[in-house]
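So the chains spell out like this:
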Amino acid sequence: MSAHPHQSDTVQSDLHPSDSYVLGCDREELERLGRQHAIWRDDCRRVWRQAGFGSGQRLLDLGCGPGFASLDLADLVGRHGLVLGIDSAAPYLQHLRERARHLDLPQLQALQRDLGAPAPAGSMGLDHPAPGAWDGAWCRWLAMFLPQLDPLLDLVQQALRPGGALVLHEYVRWDTFSLHPQGAMLQRFVACCIRHWRDHGGDPDVASRLPALLERRGFRLAHGRSLMACSAGTAPKALWLQDFLASYPSQLMAAGVWSPSEQEALRSELEQAQRHASLWVTPALVEMVWIRC
Ligand SMILES: C[S@@+](CC[C@H](N)C(=O)[O-])C[C@H]1O[C@@H](n2cnc3c(N)ncnc32)[C@H](O)[C@@H]1O
């Protein structure tokens, strides 16, 4: 692949709803996404290998955010491949482009697009390479925020070649996020997050709907696996949850759906958990590899 159509700049296409995206895209969240990817990187690399992602391929990173996974994918495909990160958040894409430039990764491109809205009439908005010429797509923690899945699934269906792989990491049951034996306030906080995301059109249990939707579009489920973890408070997956709890409550308070007194009770519960043996259970994350037939 020599042509890199999106190399020089992010393509400004649709108007984008980043201001309504419930996790926001400020510096703090960007850095949290970086720490989060570091914790999940080994799982990503394993499933990418399993899906056959490799050198010279053309891959999409759907809802790429600041591009932490896109950078690893760009390493994987090498200079003869192409990785196109697509997201609606301009600041995240800016970060991706700067990193790609700094690391001299011309194979990594960025496209601004609302993946929850239909593509511009008559095209899917990805003209290079042509529809049907992409080898694979990676999609993590995007579908859960989309009010409609059809635009995303239409894009994947049209973009991938037969035999191409769609690799997903999404939640099937977010309310398994819990702390034992304490955790009453955490349970309230989890319920608050779920309500808030649903109020914004998202579905934190979206993975439960994807199999039927993908089968109907001619995809075959080649692999599925649980990535749910249960561990002591010092294990990486528990630290990942604690990191989320250090930043997201302030956003819910700013939105007026989580009160300072609830936050104080949650803070003291988490402090208790640090002092005693506690078991942290993650939201039920699942991995799926779907092959385009
Ligand atoms: C939790 S982040 C995950 C980012 C990345 N996939 C990762 O795993 O690090 C969710 C991403 O979805 C993007 N997003 C949310 N709604 C979107 C939409 N309608 N169109 C495109 N991107 C969207 C956000 O901007 C954000 O970058």
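Please read these numbers as outputs of a predicted model, since none were measured by experiment. Residue positions are given per chain, counted from 1 along the sequence in the order it is written. Owing to the predicted nature of the model, reporting of local features is limited to residues with pLDDT of at least 70; listing and counting of side-chain atom pairs is limited to 80 or more, with chain, interface and lining totals taken over all residues.

**A short note on the site of the ligand**
Defining nearness, a residue is near a molecule or strand when the C-beta atom obtained from its backbone falls within 6 Å of it. Near the ligand there are 24 residues, and of these Gly63, Gly65, Ser88, Ala89 and Gly116 occur at the shortest range. In this description a helix means any DSSP run of H or I spanning at least four residues, a strand means any run of E spanning at least two, and both kinds are numbered starting from the N terminus. Of all elements in the fold, only α1 (27–50) and α2 (68–77) reach the threshold of two or more residues within the shell around the ligand. Residues are grouped as follows: Ala, Val, Leu, Ile, Met, Phe, Trp, Tyr, Cys and Pro are nonpolar; Asp, Glu, Lys and Arg are charged; all remaining types, including Gly, are polar. For the shell around the ligand, the class distribution of residues is 15 nonpolar, six polar and three charged.

**Comments concerning the packing of α1 against α2**
With axes taken as lines fitted to C-alpha atoms, and helix axes fitted only over the stretch in contact, angles between N-to-C directions fall between 0 and 180 degrees. Interaxial distance between α1 and α2 falls to 9 Å at its minimum, and their mutual angle equals 35°. Our pair here, α1 against α2, has a crossing hand that is right-handed. Between α1, through Leu33, Gly34, His37, Arg41, Cys44, Arg45 and Trp48, and α2, the contact on the second element is made entirely by Phe68, Ala69, Asp72 and Leu76. Class assignment of the residues belonging to the contact of α1 with α2 gives a composition of six nonpolar, two polar and three charged. Each crossing gets its handedness from the near helix: less than a right angle anticlockwise from the far helix is left-handed, clockwise is right-handed. Residues are treated as contacting if the C-beta atoms built from their backbones sit within 7 Å of each other.

**Looking at the nonpolar core**
By size, the foremost hydrophobic cluster in this structure holds 72 residues, and its most contacted members are Leu62, Ala137, Leu166 and Val167. Not counting chain neighbours up to four residues away, the residues in contact with Leu166 comprise Ala137, Cys139, Val156, Leu160, Phe219 and Trp290. Only buried Ala, Val, Leu, Ile, Met, Phe, Trp, Tyr and Cys residues enter a nonpolar core, and they are joined through C-beta atoms within 7 Å. To sort residues by exposure, count the other C-beta atoms lying within 10 Å of each residue's C-beta; 20 or more gives buried, 12 or fewer gives exposed, and values between give partly exposed, all with C-beta atoms placed from the backbone.

**Examining unusual backbone geometry**
Cis geometry is adopted by the peptide bond preceding Pro181, which originates at His180 and carries an omega value of 5°. Tracing the backbone shows Pro181 in the loop between β7 (178–180) and α5 (184–199). A positive phi angle, near 55°, is found at Asp104, a position not held by glycine. One can find Asp104 in the loop between α3 (90–102) and β4 (108–112). Residues other than glycine seldom take positive phi values, yet Trp141 does so here, at roughly 55°. Inspection of the secondary structure puts Trp141 in the loop between β5 (134–140) and α4 (150–159).

**Quick look at α4**
Here α4 has its buried residues at Leu152, Leu155, Val156 and Ala159. Taken down its axis, α4 places every buried residue within 95° of arc, on the same side. Looking at the packing, one finds that the buried side of α4 touches β2 (58–62), β5 and β6 (160–173). By definition, the arc is the one covered by directions from the helix axis to the C-beta atoms.

**A short note on the pairing of β2**
When you tally the buried positions in β2, you get five out of five residues, the bulk of the element. The alternating pattern of β2 places Arg58, Leu60 and Leu62 and Leu59 and Asp61 on opposite faces, both of which are buried. Strand pairing is assigned whenever DSSP identifies at least 2 bridges connecting the two strands. The pairing of β2 with strand β3 (residues 82–87) spans five bridges and is parallel. Within the sheet, the bridge partner assigned to Leu62 lies in β3 and is Ile86. Crossovers are described as right-handed under a simple rule: with the strands pointing away from the observer, the path leading from the first strand over the helix to the second runs clockwise. Handedness of the crossover is the feature at issue here: the chain leaves β2, passes through α2, returns alongside β3, and the resulting connection is right-handed. Judged from the four bridges that link them, β2 and β5 form a sheet pairing that is parallel. Note on β5: the bridge partner recorded for Asp61 is Trp138.

**Digging into the confidence of the model for the protein chain**
For the protein chain, per-residue confidence averages 92 on the pLDDT scale, and 91% of positions sit at 70 or higher. This stretch, residues 1–18, has a pLDDT under 50; its non-local contacts, to residues over four places away or in other chains, come to 41 contacts. Known as pLDDT, the predictor's confidence for each residue is given on a scale from 0 to 100.

**Considerations on the pairing of β6**
Within β6, 10 of the 14 residues are buried, leaving the element largely enclosed by the surrounding structure. Direction of pairing for β5 relative to β6: parallel, over a ladder of six bridges. Its bridge partner being in β6, Trp134 is matched across the sheet by Leu160. Regarding topology, α4 serves as the crossover connection from β5 to the parallel β6, and that connection is right-handed. Judged from the eight bridges that link them, β6 and strand β11 (residues 284–292) form a sheet pairing that is antiparallel. Within β11, the position partnered with Glu170 by the bridge is Val286.

**A word on the sheet that holds strand β9 (residues 230–232)**
Ordered in space as β7-β10-β9, the three strands form an open sheet in which the pairing is antiparallel. Strands at the two margins of the open sheet, each flanked by one partner only, are β7 and β9. On average, adjacent strands in this sheet sit at an angle of 25° to one another, irrespective of strand direction.

**What about the environment of Ser250?**
Tracing the sequence through the fold places Ser250 in helix α7 (residues 236–254). The class for Ser250 is exposed, based on 12 C-beta atoms found within 10 Å. Sequence spacing of Ser250 and Ser278 is 28 residues, and the spatial spacing of their C-alpha atoms is 24 Å.

**Let's talk about the environment of His95**
Turning to its location among the elements, His95 is positioned in helix α3. A tally of 21 C-beta atoms within 10 Å means that His95 is categorised as buried. Along the primary structure His95 and Pro106 are separated by 11 residues, whereas in three dimensions their C-alpha atoms are 15 Å apart. Discounting chain neighbours no more than four positions away, the residues touching His95 are Leu30, Pro66 and Gly67.

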